[in-house]
Amino acid sequence: ESNRQQCYFPHGARILTNSKGTAHGFRVEALNVICFALPGPPEEIKVIWHDHIAKELGQLSAKADAVELFRWQCLGLSESKLGEIVEELIQGTSLIAGYRPHLPYVEIKIWCKKSQHAAEQHALDKIDAALTRWVICKDDEDVLDRLLPHFKQFDEIVIDDQATLGAIAHRIGQKWSEATQTRLTVIDHFVPKNRVAELSGRNKLHLVLGPVDLEGTWEIWYKTSEVQKLQSLRLPYKRNPKRMDRERLYLCELSLAAFCRLADKGTLIV
C-alpha cells in the first residue's frame, strides 16, 4: 500500500520513466512555470536527468539571458557585516547576492544578467571597492596561485612557522609539486626570536611567522640576502582556546596573503 502513491500523477503531467527504480518522475506545466518532480535516491535522479530533463533545460537556457557570477573570498569581517555592506550597495539594481562561509573565508557571490552587465558595472565596481579591505582573492583564484610562482626564483626556501600549528605547511604542501627545483623546508615548531635575524646563503628566501601574542598580534618577515621586510598582523576577534582550529586557519591565510604583498614592493628594513 505504501508504494501505491508512486502510481499517481497530476492530470496533464508527463511521466519521466525511471530505469533505476520503481518511482517515476513527472513534468507538469502551469501558469508559465515548469515543474519537474523526481524521486529521492541520487542514482535515480541522475538517470531521469540524463534521459528526460537535461536536453530540455539546455534548450530553454539557450534562449534565456545568461547569468555571470562574481565571487570575492573575504577574511576579517563576519558574514552578517559583509552582507550588510553588499545588500546596501545592490539596492535598486538587478544584482542578486549570496553568501557562503567556508572556514576561514566568507565568500561573497554576485549574480548579474549578461544583458545587464554594462548597466550594473558601476554597482559591481562599488562592491569591489567596498570589499577591498577584506578580499584575499577573487573567483577561482587561490592565494597560493600568486605566491608559489614567486618561489621559483629561489634555490631554497625556509619557512619558520611559530603561529599556525602546521596549517601553512599543509596548505603549501597541497599545491607543492615534486618536480619543483626549489628546496622547501617548513619548521612548524617554536623558534626563538633571535632566529628571525639570521640568514645565510644567496638566492635563499626566509619567511617567518612570529608567535601570536595575547592580543592576537603577530609579525611576519620576508627575507632574502638583499632585503628584509616586516609586517605586523592582527586577528579581528579576541583569542579563544575553543576556536583554535578557526584561528590557525585564519593565521595561515592572512599570512599567505601578506607574504604575497611583501613579495612585491614593501618597506625595506636594514
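Structure's up top.
Model, not experiment: these values are computed from the prediction.

Before we go on, may I ask you to explain the sheet that holds strand β6 (residues 105-113) in this structure?
In a beta sheet, neighbouring strands are held together by backbone hydrogen bonds and run either parallel or antiparallel to one another. If you walk across this open sheet you meet the four strands as β5-β6-β4-β7, and the pairing is antiparallel. Both outer strands of the open sheet, β5 (96-102) and β7 (135-138), are each paired with one neighbouring strand and no more. Going across the sheet, the axis of each strand differs from the next one's by a mean of 25 degrees, ignoring polarity. Here strand β4 (residues 67-74) runs beside β6; their pairing, made up of eight bridges, is antiparallel. Along β6, the bridge assignment pairs Phe70 with Ile110.

Explain the packing of aromatic side chains to me, please; I cannot follow it from the model alone.
Applying the stated criterion across every chain, the model contains three aromatic pairs. Consider the rings of Phe9 and Phe26, whose centres lie 6.0 Å apart with planes at 80 degrees: the pair is edge-to-face. Residue Phe9 is located in the segment before β1 (14-16), and its partner Phe26 is located in strand β2 (residues 25-30); the two are separated by 17 residues in the primary sequence. Ring geometry for Tyr237 and Tyr250: centres 6.0 Å apart, planes at 70 degrees, overall edge-to-face. With Tyr237 in the loop between β12 (228-234) and α6 (244-263) and Tyr250 in helix α6, the pair connects residues that are 13 residues apart, well separated along the chain. Of the two residues, Tyr237 and Tyr250, neither departs from the other in class, the shared state being buried. Note that Lys223 overlies the ring of Trp221, its terminal NZ or CZ placed 6.0 Å from the centroid. Sitting over the ring of Tyr237, Arg246 keeps its end group 4.2 Å from the ring centre.

Explain the pattern of salt bridges here, please?
Once their charged atoms are close, side chains differing in charge can pair, the charge on each being opposite to the other. The full count for this structure, using the stated rule, is 15 salt bridges. For the salt bridge of Glu29 with Arg27, the shortest nitrogen-to-oxygen distance reads 3.2 Å. What makes Glu29 partly exposed here is its relative accessible area of 45%. With a shortest N-O distance of 3.1 Å, Glu107 and Arg71 are connected by a salt bridge.

How should I be thinking about helix α1 (residues 42-63) in this particular structure?
Given 3.6 residues to a turn, an α-helix orients residues that are three or four positions apart in the same direction. Where α1 bends most, the angle comes to about 55 degrees, and this point is Ile53. Turning to α1, its buried residues are Glu44, Val47, Ile48, Ile53 and Glu56. Residues of α1 that are buried in the fold lie against β1, β2 and β3 (33-37).

How do you make sense of the side chain of Arg27 when you look at a structure like this?
By the element assignment, Arg27 lies in strand β2. When its relative accessible area of 13% is taken as the criterion, Arg27 is described as buried.

Which parts of the structure should I look at to understand the nonpolar core?
Soluble globular proteins tend to bury their nonpolar side chains together. In this structure, Ile136, Trp218, Ile220, Tyr222 and Leu256 are the most contacted members of the largest nonpolar core, which totals 38 residues. Residue assignment for this core shows that the elements contributing at least two residues are β7, α4 (143-151), β8 (156-161), α5 (167-175), β10 (204-209), β11 (217-223) and α6. Looking at this core element by element, the count peaks at 11 residues for α6. Beyond its immediate sequence surroundings of up to four residues, Ile136 is in contact with Gln73, Leu75, Tyr105, Val143, Arg146, Leu254 and Ala257. Trp72, Leu82, Val106 and Trp134 belong to the second largest nonpolar core, which has 17 residues in total.

In this structure, what is going on with the state of the cysteines? I would like to understand it.
Each disulfide is one covalent bond, formed between the sulfur atoms of two cysteines. In this structure the tally under the stated criterion is zero disulfides. Distance from the sulfur of Cys137, which forms no disulfide, to the nearest cysteine sulfur (Cys74) is 9.1 Å. Here Cys137 falls in the buried class, since its relative accessible area comes to 5%.

Quick notes on the rules
- Residues numbered from 1 in each chain as written.
- Predicted model: local features only at pLDDT ≥ 70, side-chain atom pairs only at ≥ 80, totals over all residues.
- Heavy atoms only, no water.
- Pairing = 2+ DSSP bridges.
- Helix = DSSP H or I, 4+ residues; strand = E, 2+ residues; numbered from the N terminus.
- Axes fitted to C-alpha atoms, helices over the stretch in contact; angles between N-to-C directions.
- Phe/Tyr/Trp six-rings, centres within 6.5 Å; stacked < 30°, edge-to-face > 60°.
- Buried < 20%, exposed > 50% of the residue type's maximum accessible area, 1.4 Å probe, protein only.
- Lys NZ or Arg CZ within 6 Å of the ring centre and 35° of its normal.
- Salt bridge = Lys/Arg side-chain N within 4 Å of Asp/Glu carboxyl O.
- Bend = angle between axes of the 7 residues up to and from the residue.
- Contact = heavy atoms within 4.5 Å.
- Core = buried A, V, L, I, M, F, W, Y, C linked by side-chain atoms within 4.5 Å.
- Disulfide = S-S within 2.5 Å.

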